[in-house]
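These are the residues of each chain, in order.
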Amino acid sequence: LKCLLKIIFISLQEVTASSRHYVDRLFDLDPQKVLQGVIDMKNAVIGNNKQKANLIVLGAVPRLLYLLQQETSSTELRTECAVVLGSLAMGTENNVKSLLDCHIIPALLQGLLSPDLKFIEACLRCLRTIFISPVTPEDLLYTDATVISHLMALLSRSRYTQEYICQIFSHCCKGPDHQTILFNHGAVQNIAHLLVSTSYKVRMQALKCFSVLAFENPQVSMTLVNVLVDGELLPQIFVKMLQRDKPIEMQLTSAKCLTSMCRAGAIRTDDSCIVLKTLPCLVRMCSKERLLEERVEGAETLAYLIETDVELQRIASITDHLIVMLADYFKYPSSVSAITDIKRLDHDLKHAHELRQAAFKLYASLGANDEDIRKKIIETENMMDRIVNGLSESSIKVRLAAVRCLHSLSRSVQQLRTSFQDHAVWKPLMKVLQNAPNEVLVVASSTLCNLLLEFSPSKEPILESGAIELLCSLTQSENLALRVNGIWALMNVAFQAEQKIKSDILRGLSTEQLFQLLSDSDVNVLMKTLGLLRNLLSTRPHIDHIMSTHGKQIMQAVTLILEGEHNIEVKEQTLCILANIADGTTAKELIMTNDDILQKIKYYMSHSNVKLQLAAMFCISNLIWNEEEGSQERQDKLRDMGIVDILHKLSQSSDPNLCDKAKMALQQYLA
């Protein structure tokens, strides 16, 4: 062992010594020797990560950057320095971090101001290598406003400047802010003509640029649709690029461009370039003949394309047996896999989870609306087992995609009653809800809303496993979607529920929290909370029981909403809650003894909106109903308030519904 350590130590010394020799030559006083030293260094580091790391540790980078920036350095020396720095950047991520720490980007951007094209190309190549590294913050490209303008101007210099600049843009365009900057600097006009370049690499990088510029961006998409290149519209050029005889990456990227334009509304979903070209191309990408990353990208892009369009979902579901084809995504790599390349097999084993994620996403989009498609998906071999397994995978992205798929399928009444029950899907779903990031929680809680519908057999076991407490805690979340889903699910639980469950909900929510939700700034939260109250206040014994314990607070909340600046739907729902309270035996006294509320009901009977008039009429009808104890006193009080006069007026209404309700109420007075 001692002997072995000695050999390793000696060899390390030798490597460091030879590396030291390269660095020392950079400090020679003879410029010619410095140039030769840089050229020798360039040859030594090609494909040698160990050598690259040694040179960085020994301080080669600051010296190379110094030489690159010196006005006295020859253009050849500056160019060779940029080449070596680019080579060092092609090593490990740590190499790139070291280069960034030495402020390489400002130095290279400064180099772009040189008049020498070869030097500019070397700087751009190095910048490209650094910016495509995941450790480089994209914002470094946007710190100086003049940089983007200068890069746009350099696009015309050579095919290399075109290739590298487009590659830099496509890697550094992350989100709407970057898209806007590039768009405002004329990216569309400057890059469009590159799509017909004689260089394949330039065409490809320009295409990638458009795919990131147009993604979820209506402004860019609407502009692209009308751009002409050599007398041809851009969408037509994209369609040519997704023909079968084109390289796969070109087909895929042009399909992504057309998909983004379609989703942004720039191209209609029934346009032949989508239905007959883009969609079939993406389905082709899902076949097992394609490489893993192509299958992933194909499925994910197709999922995005069809996500909101029923007709595209139907077309995709019957194209090339797609639903069955996707089942292969879960069997990869199989024992009979045709992969003979060990390196490729190792790569694919590490990334097989991405296939499962993509398949779940596409199944979710396919089954979003159509009952027959959902049935086909669920009948695909072991589908429910695969979803259940997906819910507990270590990869957060797979878990999220599996929950999305489950959510999509849970919209089916038939499946909720059969497959969901047979596989006790609610168990792993409840487990997911115990501890997950918000993005997973949002979809999982939406799915739970569907499983808690009154006809779902899963409803009872879910409630027994402590769902009410969980849902009440969701209503306190800072995340809006979680608050909505928490209250929505509770609304479903309360529908036609027994009194014990309703009491559990009120206990779990607390009066304070209920008030908080009723004063929420989001109308969705408010509407769902009112829906919950309406479901809680149904059937007389329940109405009387709840109003005996929470009556004062509920009446206070109702008053606040009817006085507030709320839309018609909110006020209508609130008046319907009052109508339910008026249907109680003892609860109706809380209305009759509250003159403020009675005046509000009277006001809404004469409102300009028929929906609100009808809702107010329900309250009055329930209060004056003859067969109930104390009806005479209630009728007299309401007559004194002028309610009968209003009923006479409404009995002449042009709205048949309102007219009938008013006549029916007047009959109670005559009986």
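Going along each chain's sequence as written, the residues are numbered from 1 onward. The model is predicted, so local features are restricted to residues of pLDDT at least 70 and side-chain atom pairs to those at 80 or more, both for listing and for counting; the totals for chains, interfaces and linings are taken over all residues. In computing side-chain properties, one takes all heavy atoms of the structure into account and sets aside hydrogens as well as water.

- As recorded in an unreviewed UniProt entry, the protein goes by the name Armadillo repeat-containing protein 8, listed as coming from Apteryx owenii.

## A few points about the overall build of the protein
Reasoning step 1: When helices and strands are tallied, the protein shows 42 helices and 2 strands.
Reasoning step 2: In terms of overall size, the protein is more extended than a compact globule, its C-alpha atoms giving a radius of gyration of 34 Å where 671 residues would be expected to give roughly 26 Å.
Reasoning step 3: A principal-axis box enclosing the C-alpha atoms of the protein has dimensions of 115 × 55 × 50 Å.
Reasoning step 4: Exposed residues in this analysis have more than 50% of their type's maximum accessible area, buried residues have under 20%, and partly exposed residues fall in between, with area computed by a 1.4 Å probe over protein chains only. Sorting the 671 residues of the protein into buried and exposed places 54% on the buried side.
Reasoning step 5: The contact definition used throughout considers only heavy atoms, calling two residues in contact when any of these lie within 4.5 Å. Once local pairs closer than 6 in sequence are excluded, the contacts in the protein between residues at least 24 apart make up 67%.
Reasoning step 6: Of the roughly 30900 Å² that the protein leaves accessible, carbon and sulfur atoms contribute 52%.
Reasoning step 7: The positive charge centre, built from 69 side chains, and the negative charge centre, built from 75, are 5 Å apart in the protein. Helix and strand assignments follow DSSP, with helices taken as H or I runs no shorter than four residues and strands as E runs no shorter than two, numbered in order from the N terminus. Two things to know: the radius of gyration comes from C-alpha atoms, and the globule rule equals 2.2 Å times the number of residues to the power 0.38. Accessible surface area values rest on a Shrake-Rupley calculation with a 1.4 Å probe, where residue burial reflects the displayed protein chains alone. Charged residues are defined here as Lys and Arg on the positive side and Asp and Glu on the negative side; His and the ends of the chain fall outside this count. For the purpose of locating charges, the reference atoms are NZ of Lys, CZ of Arg, CG of Asp and CD of Glu.

## A word on the nonpolar core
Reasoning step 1: One finds Leu366 and Leu578 to be the most contacted residues of the largest nonpolar core, which totals 239 residues.
Reasoning step 2: Apart from residues lying up to four places away in sequence, leucine 578 is in contact with Met555, Val558, Leu562, Ile591, Ile597, Ile601 and Cys619. The set of buried Ala, Val, Leu, Ile, Met, Phe, Trp, Tyr and Cys residues whose side-chain atoms join them within 4.5 Å is what this entry labels a nonpolar core.

## As for the environment of histidine 193
Reasoning step 1: If you trace the backbone, histidine 193 turns up in the loop between α12 (187–192) and α13 (200–214).
Reasoning step 2: Here the alpha-carbon distance between histidine 193 and leucine 127, two residues 66 residues apart in the chain, equals 23 Å.

## A few points about the pattern of salt bridges
Reasoning step 1: Counted as salt bridges are all cases of a side-chain nitrogen of Lys or Arg within 4 Å of a carboxyl oxygen of Asp or Glu. In this structure the tally under the stated criterion is 29 salt bridges.
Reasoning step 2: Salt-bridge contacts for lysine 600 lead to glutamate 563; the nearest nitrogen and oxygen are separated by 2.9 Å. Linking lysine 600 in helix α38 (residues 595–605) with glutamate 563 in helix α35 (residues 540–563), this pair joins segments that are 37 residues apart in sequence.
Reasoning step 3: One salt bridge in this structure joins glutamate 589 and arginine 634, with 3.7 Å as the shortest N-O distance. Separated by 45 residues along the polypeptide, glutamate 589 in helix α37 (residues 589–592) and arginine 634 in helix α40 (residues 631–640) bring together distant segments of the chain.
Reasoning step 4: The exposure class assigned to glutamate 589 is partly exposed, which follows from its relative accessible area of 36%.

## Considering the layout of surface pockets
Reasoning step 1: With a 1 Å grid laid over protein atoms only, a set of points is called a cavity when a 1.4 Å probe fits there but cannot get out and a pocket when it is open yet has protein on both sides within 12 Å along at least five of seven lines; lining residues have an atom within 4 Å of a point. Grid points are joined across faces, edges and corners, and a volume is the space filled by probe spheres set on the points. If you add up the space inside the largest pocket, you get close to 1600 Å³.
Reasoning step 2: Elements supplying a minimum of two residues to the lining of the largest pocket: α10 (159–172), α11 (176–184), α13, α16 (248–263), α18 (292–306), α21 (342–366) and α24 (396–409).
Reasoning step 3: Element by element, the count of residues in the lining of the largest pocket is highest for α18, at 8 residues.
Reasoning step 4: Each residue gets one label: Ala, Val, Leu, Ile, Met, Phe, Trp, Tyr, Cys and Pro are nonpolar, Asp, Glu, Lys and Arg are charged, and the others, such as Gly, are polar. Its residues assigned to classes, the lining of the largest pocket shows 15 nonpolar, 18 polar and 15 charged.

## What about the UniProt feature "repeat: ARM" (unreviewed entry) in the protein?
Reasoning step 1: UniProt positions are given in the numbering used here, feature names are shortened, and annotations may be inferred rather than shown by experiment. Mapped onto the present numbering, the UniProt feature "repeat: ARM" (unreviewed entry) falls at residues 59–95.
Reasoning step 2: Note that residues 59–95 is 76% helix and 0% strand, and that its end C-alpha atoms are spaced 12 Å apart.

## Regarding empty space enclosed by the protein
Rolling a probe over the atoms, with the probe sized like a water molecule, indicates the empty space that remains.
Reasoning step 1: Taken as a whole and assessed by the stated rule, the structure comprises 1 cavity of 30 Å³ or more.
Reasoning step 2: At the level of secondary structure, the elements contributing two or more residues to the lining of the largest cavity comprise α33 (511–518) and α35.
Reasoning step 3: When grouped by side-chain class, the residues that make up the lining of the largest cavity number 5 nonpolar, 1 polar and no charged.

## Things to note about the packing of aromatic side chains
Reasoning step 1: Stacked, edge-to-face and tilted labels apply to pairs of Phe, Tyr and Trp rings (six-membered ring for Trp) whose centres lie within 6.5 Å, assigned for plane angles under 30 degrees, over 60, and everything in between, in that order. As enumerated under the stated definition, the model contains 5 aromatic pairs in all.
Reasoning step 2: Relative to tyrosine 164, the ring of tyrosine 160 has its centre 6.2 Å away and its plane inclined at 25°; by these criteria the two rings are stacked. In this pair, tyrosine 160 and tyrosine 164 are both assigned in helix α10, 4 residues apart and thus about one turn of the helix distant.
Reasoning step 3: Residue classification places tyrosine 160 among the partly exposed positions, given a relative accessible area of 31%.
Reasoning step 4: Residue tyrosine 164 is classed as buried on the basis of its relative accessible area, which comes to 5%.
Reasoning step 5: Judged by centre distance (5.4 Å) and plane angle (50°), the rings of phenylalanine 215 and tyrosine 304 are tilted.

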